[in-house]
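As a plain string of letters, each chain reads:
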Amino acid sequence: MNNHVTVLEIDANAVLHNLQFFKQKLQPQTKILAVVKAFGYGSEAVEIAKIVKDHVDYFSVAYSSEGIALREAGIDTPILVLHPQIQNIEDIVRYRLEPNLYNFKIFEAFLAYADQVPLMNYPIHIKFNTGLNRLGFWHTDIPNIISELKKTNHVVVQSIFSHLAASEDLNEQEFTVNQINNFAYIVKQIYSHLGYEPMIHILNTSGVVHYPQAQFDMVRIGIGLYGFSNTPNETAQLKNTHTLKSIISQIHVIQPGETVGYNRAFVANKVTKSATIPVGHADGISRRLGNKNGFVIINGQPAPIIGNVCMDMIMADVTKIECKEGDEVIVFNHQQHIEYMAHKCETIPYEILTALSQRIKRLVKR
Ligand SMILES: *Cc1c(COP(=O)(O)O)cnc(C)c1O
């Protein structure tokens, strides 16, 4: 039985719709990697993986522990671990995860482990830095990488990839095209020296939208699956995947001069009806949304959040809304609402979604 009142509903059909939306932008042979890191962008990685697994070729996660969770839930699609550490190598192999090797330290540690076990043709991925300056080899490292790889048949390079720094920003088009061209040059060098041709990929969601000519063998779709694209027009064609719901725990009617919440931040200037809702900053509702910066929806009407956001609850002004204790509260159920929250918090929808705490019960709607 579900005895939780604050729940995050994940809409399986919306996720599939969004996947289809990006698929129709791709060549029929282009593979899809679904990014399910950070609990599937704050939703539920295993559930997202189950929803899309028959329609994608790869999954990717940031850390090996996230990949292990998928394997333990029975997901057997290939999983690329984007940011593994040397300490994770044994687990990576035990759970058949595929590491991104991004510098000589982890590359050599992995090759040494592969020799020692020994592994046979174990799939690895090699990342190149083309301008994000976050993770990845330099193009000048190619000769050393090739010579190490030629010495072993314990690993096989499954893919060569890179990541764009500003794919969503058309003001950075020149920089991005340069990244893509540098990547193509790196791939050409590797292809001509390695003796076989690994898959190649560079695009994330907004890359697919702005630079479809660079889809190569595979694209990596994260935020797009969860309903967000580069422009309002594109986002409008996607479906909302995350709906956060709660209820009214209690209603207070207060007199002019009385206050609501910590620090007495809201002061009533007239008789005011306030609703207390069991979701707070510990659940990912930023304190920046207090003091009427954010709103929830109660019986179809917007109710501003008044006073300071507490750890475990918020209060909303329902003076003009017909409602009672126990009524449903929509914290958000639309991408525009999430974008509004992000704007008010000076962040991006990615952070609003991934901030949703594990305390909130997840419910998949099929
Ligand atoms: C997170 C991530 C992605 C997904 O990006 P979106 O903008 O969410 O599509 C793709 N590639 C790498 C390397 C990432 O870290």
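What counts, and where the lines are drawn
Sequence positions are assigned chain by chain, starting from 1 and proceeding in written order. Local features in this predicted model are restricted to residues of pLDDT 70 or higher, and side-chain atom pairs are both shown and tallied only at a pLDDT of 80 or more, whereas totals for entire chains, interfaces and linings draw on every residue. In computing side-chain properties, one takes all heavy atoms of the structure into account and sets aside hydrogens as well as water. UniProt positions are given in the numbering used here, feature names are shortened, and annotations may be inferred rather than shown by experiment. Definition used for salt bridges: Asp or Glu carboxyl oxygen within 4 Å of a side-chain nitrogen of Lys or Arg. Type-normalised accessible area, obtained with a 1.4 Å probe on protein chains alone, sets the label of each residue: buried when under 20%, exposed when over 50%, and partly exposed for intermediate values. Pairing between strands requires that DSSP locate at least two bridges from one strand to the other. Helical segments are the DSSP runs of H or I of at least four residues, strand segments are the runs of E of at least two, and each set is numbered from the N terminus. Here the axes come from fitting lines to C-alpha atoms, over the contacting stretch only for helices, and the angles between their N-to-C directions go from 0 to 180 degrees. Stacked, edge-to-face and tilted labels apply to pairs of Phe, Tyr and Trp rings (six-membered ring for Trp) whose centres lie within 6.5 Å, assigned for plane angles under 30 degrees, over 60, and everything in between, in that order. Our angle categories are set so that under 35 degrees counts as roughly parallel, over 145 as roughly antiparallel, 65 to 115 as roughly perpendicular, and the remainder as oblique. When the near helix sits turned anticlockwise from the far one by under a right angle, the crossing is termed left-handed; a clockwise turn instead gives a right-handed crossing. Every residue pair with non-hydrogen atoms within 4.5 Å of one another is taken to be in contact. The nonpolar class holds Ala, Val, Leu, Ile, Met, Phe, Trp, Tyr, Cys and Pro. Asp, Glu, Lys and Arg form the charged class, and all remaining residues, Gly among them, are polar. A cavity, in this analysis, means grid points on a 1 Å lattice covering only the protein atoms where a 1.4 Å probe fits yet has no way out; a pocket is instead an open set bounded by protein on both sides within 12 Å along at least five of seven lines, and a residue lines either one if it has an atom within 4 Å of a point.

Labelled according to an unreviewed UniProt entry, the protein chain appears under the name Alanine racemase, originating from Tenacibaculum platacis. According to the UniProt record, the Pathway (unreviewed entry) comment for the protein chain reads "Amino-acid biosynthesis; D-alanine biosynthesis; D-alanine from L-alanine: step 1/1." UniProt lists a comment for the protein chain under the heading Function (unreviewed entry), and it reads "Catalyzes the interconversion of L-alanine and D-alanine. May also act on other amino acids."

Asks: Before we go on, may I ask you to explain the pattern of salt bridges in this structure?
Replies: When the charged atoms of two side chains with opposite charge come close together, those side chains can pair. Scanning all chains against the criterion turns up twelve salt bridges. A salt bridge links K53 to D54; its shortest N-O distance comes to 3.8 Å. A residue is classified by how much of its surface remains accessible, and K53, at 32% relative accessible area, is partly exposed. Among the charged side chains, a network of salt bridges with common partners joins E9, K245 and E328.

Asks: Which parts of the structure should I look at to understand the sheet that holds strand 2 (residues 31-35)?
Replies: Sheet strands pair by backbone hydrogen bonding; their relative direction is either parallel or antiparallel. Pairing in this open sheet of eight strands is parallel, and the strands run 8-7-6-5-4-3-2-9 from one edge to the other. Of all strands in the sheet, those bounded by a partner on one side alone are strand 8 (199-201) and strand 9 (218-221). Across this sheet, the average inter-strand angle for adjacent strands is 30 degrees, counted without regard to direction. Sheet topology note: the strand 2/strand 9 ladder contains four bridges and is parallel. Residue I32 lies in a different strand from strand 9, and its bridge partner there is V219.

Asks: Would you take a moment to explain the packing of aromatic side chains for this structure?
Replies: Here the distance between the centres and the angle between the planes together describe a pair of aromatic rings. Taken as a whole and judged by the stated rule, the model has ten aromatic pairs. Consider the rings of Y41 and Y226, whose centres lie 4.6 Å apart with planes at 20 degrees: the pair is stacked. With a gap of 185 residues between them, Y41 in helix 2 (residues 37-42) and Y226 in the loop between strand 9 and helix 10 (232-236) connect regions that are remote in the sequence. Both residues of the pair, Y41 and Y226, count as buried. Consider the rings of F104 and F107, whose centres lie 6.2 Å apart with planes at 75 degrees: the pair is edge-to-face. On the criterion of helical spacing, the pair formed by F104 and F107 is a turn pair, its members being three residues apart in helix 6 (residues 104-116). Residue classification places F104 among the partly exposed positions, given a relative accessible area of 22%.

Asks: Help me out: how do you make sense of the packing of helix 1 (residues 12-23) against helix 3 (residues 45-52) in this one?
Replies: Each pair of packed helices can be described by the angle between their axes along with the distance between the axes. Taken N-terminus to C-terminus, the directions of helix 1 and helix 3 make an angle of 60 degrees; their axes are 10 Å apart at the nearest point. Taken together, the axes of helix 1 and helix 3 are oblique relative to one another. Pair helix 1 / helix 3 crosses with right-handed handedness. Side by side, helix 1 and helix 3 meet where A12, V15, L16 and L19 of the first sit next to I48, I51 and V52 of the second. Classifying every residue of the contact of helix 1 with helix 3 gives seven nonpolar, no polar and no charged.

Asks: When you look at the UniProt feature "binding site: substrate" (unreviewed entry) in the protein chain in this model, what are you seeing that I'm missing?
Replies: As annotated in UniProt, the feature "binding site: substrate" (unreviewed entry) corresponds to R134 and M311 in the numbering used here. Look at the named residues: they lie 178 residues apart in sequence, and the longest C-alpha span between them is 33.5 Å, so in the fold they stay spread out. Residues from the named set that contribute to the lining of the largest pocket are R134. Mapped onto the elements of the fold, R134 is located in the loop between strand 6 (122-127) and helix 7 (142-150). When its relative accessible area of 55% is taken as the criterion, R134 is described as exposed. Contacts of R134, omitting those with residues within four sequence positions, involve K127, N129 and H163. Here M311 is to be found in the loop between strand 16 (301-306) and strand 17 (314-317). Residues contacting M311, with those up to four places away along its chain left out, are G280, H281, A282, D283 and R359.

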